[in-house]
Amino acid sequence: MNLKNILVVDDEKEIVNLVSIYLQNDGFTVFKAYDGEEALDMFAQKKIDLIILDLMMPKLDGMEVCRRLRETNTVPILMLSAKAEDMDKVLGLMTGADDYMIKPFNPLELIARVKSLLRRSYQFKQVEQEEQSDLLNINSLEINRASHTVLHNGKPITLTSKEFEILYLLASNRSRVFSTEEIFERVWEEKYFASNNTVMVHISNLREKLEKELGYKLIKTVWGVGYKIEE
């Protein structure tokens, strides 16, 4: 998890310095701001992975900073406040904060919460990346795993489910050579037998359909090894 840049925002410089010392001792890079406007400017200039944000500040308070950030960004926000009332916590969380701590706080607990928020953010980004990988593009070819569709310049290419799975396997691992045995066991999820020519037949049909639309051979044969896509 390479998430290390923390923005600490508080109009009390003593708190900013205290929090910064604990964060830096734990290996984080710290950026500092002392009011809401400075916080937004700093966030626009730096790559920030998490914000520790005071609620009561001059110029722009923490609620407004949080609101503005949430219009365009999902950066984790840990809000700090001297207000202990439940309604203040609720408002902070409803505005978009991910966590809320009351002053005075234990710096070690704050560090633990920072690490927890960063882990959750990292896991969320991983899920997003996996979802994005469902859509592959090779030149003018679009392969969508979620809808099991293949489009060439917006025009659908009709494939069987197994042809699609073979194409997706090769396209999502470009330049890697897959043996006939590996393709069969990945796509059919069964043990491969040497006399089985199922993969060869499916690749032949898949190639014919693709070449008819593309005008060139997308799936390459590596003789004696297997098949690959290297576009």
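Just so it is clear, the structure is predicted and the values come from calculations on it, not from any experiment.

### A few points about helix H8 (residues 198-214)
- Compared with the 24 Å implied by 1.5 Å per residue over 17 residues, the 24 Å span of H8 between its first and last C-alpha is a close match.
- Residues of H8 that are buried include every one of Val199, His202, Ile203, Leu206, Arg207, Leu210 and Leu214, and no others. Burial along H8 is one-sided: seen end-on, the buried residues are contained in an arc of 135°. Opposite the buried face of H8, at more than 90 degrees from it, the exposed residues are Glu208 and Lys212.
- The inward-facing, buried residues of H8 abut strand E7 (141-144), strand E8 (149-152), helix H6 (161-171), helix H7 (180-187), strand E10 (220-222) and strand E11 (226-228).

### What about the pattern of salt bridges?
- Per the counting criterion, the structure on display carries 18 salt bridges.
- Between Glu182 and Arg186 there is a salt bridge whose closest N-O contact spans 3.6 Å. One end of the pair, Glu182, and the other, Arg186, are both in helix H7, four residues apart, so they sit about a helical turn from each other.
- Relative accessible area serves as the criterion here: at 23%, Glu182 is assigned to the partly exposed category.
- Linked through salt bridges whose partners overlap, the residues forming this network are Asp10, Glu12, Asp54 and Lys103.

### Topic: the side chain of Asn144
- Among the structural elements, Asn144 can be located in strand E7.
- In terms of polar contacts, Asn144 uses its side chain to reach the backbone amide nitrogen of Ser147, at 3.2 Å.
- Apart from residues lying up to four places away in sequence, Asn144 is in contact with Asp134, Leu135, Thr149 and Phe164.

### Here's the deal with helix H1 (residues 13-25)
- Along its 13 residues, H1 runs 18 Å from first to last C-alpha, staying within 8% of the 18 Å computed at 1.5 Å per residue.
- Turning to H1, its buried residues are Ile15, Val16, Val19, Ser20 and Leu23. Taken down its axis, H1 places every buried residue within 130° of arc, on the same side. With respect to the buried face of H1, the exposed residues turned more than 90 degrees away are Glu14 and Asn25.

### Comments concerning the nonpolar core
- In this structure, Leu141, Ile143, Leu167, Ile183 and Leu210 are the most contacted members of the largest nonpolar core, which totals 29 residues.
- Only strand E6 (135-138), E7, H6, H7 and H8 provide two or more residues apiece to this core.
- With residues up to four places along the chain from it excluded, the contact list for Leu210 reads Leu141, Ile157, Leu167, Gly215, Leu218 and Ile219.
- Counting residues in each nonpolar core, the second largest holds 23 residues, with Ala39, Phe43, Leu55 and Met63 among its members.

### With respect to the pairing of E7
- Of the strand pairs in this sheet, E6 and E7 are connected by four bridges, and their pairing is antiparallel. For Asn137, the partnering residue across the bridge sits in E7 and is Glu142.
- The loop that links E6 with its antiparallel partner E7 comprises two residues; one of these, Asn139, has a positive phi angle of about 55°.
- Note: E7 against E8, four bridges, orientation antiparallel. Residue pairing across strands places Ile143 opposite Val150, the latter belonging to E8.
- Between E7 and E8, which pair antiparallel in sequence order, lie four residues; one of them, His148, sits at a positive phi of approximately 55°.

### Re the packing of H6 against H8
- In the contact formed by H6 and H8, the axes pass within 10 Å of each other and the chain directions differ by 80°. As the angle between them shows, H6 and H8 are arranged roughly perpendicular. From H6, Lys162, Glu163, Ile166 and Leu167 reach across to H8, where they touch His202, Ile203, Asn205, Leu206, Lys209 and Leu210.
- For the contact of H6 with H8, the per-class residue count stands at five nonpolar, two polar and three charged.

Parameters and conventions
The numbers attached to residues start from 1 for each chain and follow its sequence in the written order. In view of the model being predicted, local features appear only for residues whose pLDDT reaches at least 70, and side-chain atom pairs are presented and counted only at 80 or more, with totals across whole chains, interfaces and linings using the full set of residues. Side-chain metrics rest on all non-hydrogen atoms present in the structure, leaving aside hydrogens and water. Numbering of helices and strands runs from the N terminus; a helix is a DSSP stretch of H or I covering at least four residues, while a strand is a stretch of E covering at least two. The length a helix should cover is 1.5 Å for every residue beyond the first. In this scheme, a residue with accessible area under 20% of its type's maximum is buried, one over 50% is exposed, and one in between is partly exposed, where area comes from a 1.4 Å probe on protein chains only. Note: the arc covers the axis-to-C-beta directions of the helix. Only heavy atoms enter the contact rule, under which two residues are in contact if any of them lie within 4.5 Å. A carboxyl oxygen of Asp or Glu within 4 Å of a side-chain nitrogen of Lys or Arg is what we treat as a salt bridge. Pairs of N or O atoms are called polar contacts if they sit within 3.5 Å, as long as, within protein, a hydrogen donor faces a hydrogen acceptor (for residues adjacent in sequence, only side-chain-to-side-chain pairs). In this description, a nonpolar core means a group of buried Ala, Val, Leu, Ile, Met, Phe, Trp, Tyr and Cys residues linked to one another through side-chain atoms lying within 4.5 Å. For two strands to be treated as a pair, DSSP must find at least two bridges joining them. Axes here mean lines fitted to C-alpha atoms, for a helix over just the part in contact, with angles spanning 0 to 180 degrees between N-to-C directions. Angles below 35 degrees are treated as roughly parallel, those above 145 as roughly antiparallel, those between 65 and 115 as roughly perpendicular, and all remaining angles as oblique. Asp, Glu, Lys and Arg are counted as charged, while Ala, Val, Leu, Ile, Met, Phe, Trp, Tyr, Cys and Pro are counted as nonpolar; the rest, among them Gly, fall into the polar class.

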